[in-house]
Amino acid sequence: MNPAPAAPHSTPARVMWGAALGAVTWPIDVFCAVLALLTAGGPAPLGPVRAAVTWHRRRAVRFLDWSDDGAPLTSRRAAAYLALRVGMSSLGLLVLGLLAYGVFGVVVSLASWLFDVRLTVDAAVQGDGLSTWDVVVLVPIGAILLYLDLMGLFGVGLLDRWTAARWLSPSRSERLEAQVEELTVSRADLLSALDTERGRIERDLHDGVQQRAVALGLLVNRARRLAGPGSAGSLLLEQAGREAEQLVTDLRDVAWRVRPTTLGTHGLEPVLRQLVSHTAVPTVLDWAVPVRLPPGVETTVYYVVAEALTNVAKHSGAEGARVAVRLADQPRDGTFVQVVISDDGTGGAAPRPGHGLAGLAGRTAAAGGALTIESPAGGPTRIEVTLPCA
């Protein structure tokens, strides 16, 4: 659904002009309406039908102050719209005919009054000709009829605009579907941008800050050797060297938690095996995925497992944990990756705003997946995540 630019505010004169243009297409509307009704069961309207509806859409946008939301044109929509258009154009032709007859009557009456002209078509009305008093009486009557005729044409334009809005605008369900699709795409783009930024931060830590910390440690060690053993300065420099080594270790851990460098090069399995080997709670990895997963899915699974194991270490009091990753095929939805993180802790885990499990649910939903948590009081806890691989 590709919305067209909103139409500028139309004046009554533009609306009447648009209604008049719609009225003169009556023969084309009749032909295309019959053709559309005969082919209403088809998947898409025929070429002439589509061309006629497209012309009317542009006319409605330009003259009738209608905003085209770009609803897809189906055979049913085209048939219903053109069937109503036949009525609109017929009514418009009737109003235009009355207007033309009124203008003709004005011209004939003025000619009879000013020049004593007699026309055969109005001889029965004119009789001996129009006097000045007759003209004075006819002027306000003609003005009222002209006003009513123009208002009728304006009403036809408004009815024409309503017809376009009824059959050429998206329905409520179509608008909701378009909004959901737009939100889904925006959410996926945001998640991709977040992962890209995490990778940039990891590279900056690894190639910038970490290298400077290593250089600082080397300089401290050189200064300690120059100061000589046993001096107060040497002891301080030795302590500074140990702190520099610890700083490098901490930076590596932070960079790893931001985004593992090997995730893009070696894949998810070695990264998860390294992750579970460094957890505070003994954890077993059950890997049953024979193929490489898409990059976005690998990133999401890594962060889900990492956050879940962090929660296990902090809050569960568990003595052991297990991470199982496998593929599952669903007939309608295709291939999914299923991740199950379980532990034998005290249970009671629940997603609360601002906490880790809520973040897991949000990240899983952003990737198009689902997260379920089973954690009764007393344990055990089981977190299951399913992510589409498409």
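Each chain carries its own residue numbering, running from 1 in the written order of its sequence. Residue-level local features of this predicted model are given only where pLDDT is at least 70; pairs of side-chain atoms are given and counted only at 80 or more, and the full residue set underlies all totals for whole chains, interfaces and linings. Side-chain descriptors were evaluated using all non-hydrogen atoms of the structure, hydrogens and water having been removed beforehand.

Give a description of the overall build of the protein chain that names residues and reports values.
Secondary structure counts use DSSP, requiring at least four H or I residues in a row for a helix and at least two E residues in a row for a strand, with both numbered from the N terminus. For the protein chain, the count of helices and strands is twelve helices and five strands. Each of the 390 residues in the protein chain was classed as buried or not, and the buried ones make up 35%. Residue contacts are defined here by distance: any two heavy atoms, one from each residue, within 4.5 Å place the two residues in contact. Once local pairs closer than 6 in sequence are excluded, the contacts in the protein chain between residues at least 24 apart make up 71%. Here the Shrake-Rupley method, with its probe set to 1.4 Å, supplies the accessible areas, and only the displayed protein chains count as covering residues. When the accessible surface of the protein chain is summed, it comes to about 22,500 Å², and 64% of that surface belongs to carbon and sulfur atoms. Each residue is assigned to one of three classes by its accessible area relative to the maximum for its type, calculated with a 1.4 Å probe on protein chains only: buried under 20%, partly exposed between the two thresholds, exposed over 50%.

Explain the pattern of salt bridges residue by residue, including any values.
Should a side-chain nitrogen of Lys or Arg be within 4 Å of a carboxyl oxygen of Asp or Glu, the pair is scored as a salt bridge. Per the stated rule, a full pass over the model turns up eight salt bridges. Where Asp68 meets Arg57, a salt bridge forms, and the shortest distance between an N and an O atom there is 2.9 Å. Placement of Asp68 in the loop between α3 (47-63) and α4 (75-115) and of Arg57 in helix α3 is noted, with a sequence separation of eleven residues between them. The class of Asp68 is buried, set by a relative accessible area of 10%. Owing to a relative accessible area of 11%, Arg57 belongs among the buried residues under this scheme. The partner of Arg273 in a salt bridge is Glu269, and the shortest N-O contact between them spans 3.1 Å. Note that Arg273 and Glu269 are positioned in helix α10 (residues 268-277) at a spacing of four residues, about one turn of the helix. The exposure class assigned to Arg273 is partly exposed, which follows from its relative accessible area of 39%. A single network of salt bridges, built from pairs that share partners, joins Asp29, Arg59, Arg85 and Asp160.

Describe the confidence of the model for the protein chain, naming the residues involved and giving the relevant values.
What pLDDT expresses is the predictor's confidence in each residue, scored from 0 to 100. Confidence along the protein chain averages 79 in pLDDT terms, with 80% of residues attaining 70 or more. Note that pLDDT drops below 50 for residues 3-7; the model gives that stretch ten contacts with residues more than four away or on any other chain. Of the regions scoring below 50 in pLDDT, residues 121-126 engages in six contacts with residues more than four places distant in sequence or in other chains.

Which residues make up the pairing of strand β5 (residues 381-388), and what values go with them?
Paired strands are those between which DSSP finds at least two bridges. In terms of strand pairing, strand β3 (residues 334-343) meets β5 through eight bridges, oriented antiparallel. Residue pairing for β5: Phe336 is matched across the bridge by Pro388. As defined by bridge partners, strand β4 (residues 370-374) adjoins β5 across five bridges and the pair is classed as antiparallel. When the bridges of β5 are listed, Leu371 appears paired with Val385. Linking β4 to β5, which pair antiparallel, is a turn of six residues; within it Gly378 sits at a positive phi near 95°.

Tell me about the packing of helix α1 (residues 12-23) against α3, and please be specific about residues and values.
Here α1 crosses α3 at 165°, and the two axes come no closer than 9 Å. Classified by the interaxial angle, the pair formed by α1 and α3 is roughly antiparallel. With respect to the hand of their crossing, α1 and α3 are arranged in right-handed fashion. Residues Arg14, Val15, Trp17, Gly18, Ala19, Leu21 and Gly22 of α1 touch α3, and the partners they reach there are Trp55, Arg59, Arg62 and Phe63. Think of each axis as a best-fit line through the C-alpha atoms, taken over the contacting stretch in the case of a helix, with angles from 0 to 180 degrees between the N-to-C directions. Throughout, the term roughly parallel applies to angles under 35 degrees, roughly antiparallel to angles over 145, roughly perpendicular to angles from 65 to 115, and oblique to all others. For any pair of crossing helices, the crossing counts as left-handed if the nearer helix is rotated counterclockwise from the farther one by less than a right angle, and right-handed if it is rotated clockwise.

So, helix α11 (residues 295-316): which residues are in play, and what are the values?
The end-to-end C-alpha distance of α11 is 30 Å, a good match for the 32 Å that 22 residues give at a rise of 1.5 Å each. Residue Gly317 follows α11 closely and has a positive phi angle near 70°. For a helix, the expected span equals 1.5 Å multiplied by the number of residues minus one.

For the packing of α10 against α11, give the residues involved together with the corresponding values.
Interaxial distance between α10 and α11 falls to 11 Å at its minimum, and their mutual angle equals 10°. Taken together, the axes of α10 and α11 lie roughly parallel to each other. Contacts from Leu268, Val271, Leu272, Leu275 and Val276 of α10 reach α11 at Glu298, Val301, Tyr302, Val305, Ala306 and Leu309. Amino acids are sorted into nonpolar (Ala, Val, Leu, Ile, Met, Phe, Trp, Tyr, Cys and Pro), charged (Asp, Glu, Lys and Arg) and polar (every other residue, Gly among them). Residue composition of the contact of α10 with α11, grouped by class: ten nonpolar, no polar and one charged.

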